[in-house]
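Examination of the molecular architecture
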Amino acid sequence: MPRINNTDYRNRRAALQADWENGGPLLAHLTGEQQDALRAFYLFDVPLRSTNFASARHEAIKRDANLIGRAGLAYRTFARLSAPRRTPGQPSHRSAPSLPSATARQSTTPRRRITVFSELNRDVEPAQIARIFIAMAQEQLLRERAQDEYESR
């Protein structure tokens, strides 16, 4: 894997920081492990002066020797997501314009696809998460008790 120089590090960090400041729409498409690797290596959620970039990189690598590889793979996925996408009807710059097919028909049943992504939330507190899990467990217990009472009748 090629080494990353300070200029590339700054550019990648700036791209990650811009996405982070916009709510992380591209970062949300990455797994939690990928997000953690990017955050630990590029420190995009921490304000840094330009003189601190090199030292921050070296400190991150000292903490975890495999971090640079994981962050590189995660950034490759992030870069693929941030690349401009070609819509199906839009011809690529290499191919000839495509003509609509005469045999193409609209499907009578609509196709639906539900996709769920994780959301980066900087303000989550462990106590808040614990309260949510406790409330979910209490609701589940109440439903089970109601179901048991209904079945015993």
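Computed from a predicted model, the values in this text were never measured in an experiment. (Residues numbered from 1 in each chain as written. Predicted model: local features only at pLDDT ≥ 70, side-chain atom pairs only at ≥ 80, totals over all residues. Heavy atoms only, no water.)

Quick look at a nonpolar patch on the surface now. Together, Val124, Ile129, Ile132, Phe133 and Met136 give the surface a local cluster of nonpolar side chains, amounting to about 460 Å² of exposed area. Counting through the fold element by element, Met136 comes out in helix H5 (residues 126–152). With relative accessibility at 47%, the residue Met136 sits in the partly exposed group. (Patch = residues over 30% accessible without salt bridge, like charges linked within 9 Å, V, L, I, M, F, W, Y side chains within 5 Å. Areas by Shrake-Rupley, 256 points an atom, 1.4 Å probe, with all protein chains shown as cover. Salt bridge = Lys/Arg side-chain N within 4 Å of Asp/Glu carboxyl O. Helix = DSSP H or I, 4+ residues; strand = E, 2+ residues; numbered from the N terminus. Buried < 20%, exposed > 50% of the residue type's maximum accessible area, 1.4 Å probe, protein only.)

Before going further, it helps to examine helix H1 (residues 6–21). Counted at 1.5 Å a residue, the expected span for H1 with its 16 residues is 22 Å, and the 22 Å between its end C-alpha atoms agrees. The N-capping residue of H1, defined by a side-chain oxygen 3.2 Å from the backbone nitrogen of Thr7, is Asn5. (Expected span 1.5 Å × (residues − 1). Polar contact = N/O pair within 3.5 Å; in protein donor to acceptor, adjacent residues only side chain to side chain.)

The next point concerns the packing of aromatic side chains. The full count for this structure, using the stated rule, is 6 aromatic pairs. Relative to Phe44, the ring of Trp20 has its centre 5.5 Å away and its plane inclined at 65°; by these criteria the two rings are edge-to-face. With Trp20 in helix H1 and Phe44 in the loop between helix H2 (32–42) and helix H3 (53–63), this residue pair connects regions lying 24 residues apart in the sequence. For Phe44, a relative accessible area of 2% translates into the label buried. When the centroid spacing of 5.9 Å and the interplanar angle of 45° are considered together, the rings of Tyr42 and Tyr75 count as tilted. One end of the pair, Tyr42, is in helix H2; the other, Tyr75, is in helix H4 (residues 67–82), and 33 residues separate them in sequence. Comparing Tyr42 with Tyr75, the two get one shared label, buried. Ring pairs connect the aromatic residues Tyr9, Phe41, Tyr42, Tyr75 and Phe78, which therefore count as one cluster. (Phe/Tyr/Trp six-rings, centres within 6.5 Å; stacked < 30°, edge-to-face > 60°.)

Counting residues in each nonpolar core, the largest one holds 18 residues, and the members touching the most others are Leu16, Leu27, Leu38, Phe41, Tyr42 and Phe44. Residue assignment for this core shows that the elements contributing at least two residues are H1, H2 and H4. With 6 residues, the top contributor of residues to this core is H4. Not counting residues within four places of it along the chain, the set of residues in contact with Leu38 comprises Leu16, Leu27, Leu30, Leu43, Phe44, Ala71, Ala74 and Tyr75. (Core = buried A, V, L, I, M, F, W, Y, C linked by side-chain atoms within 4.5 Å. Contact = heavy atoms within 4.5 Å.)

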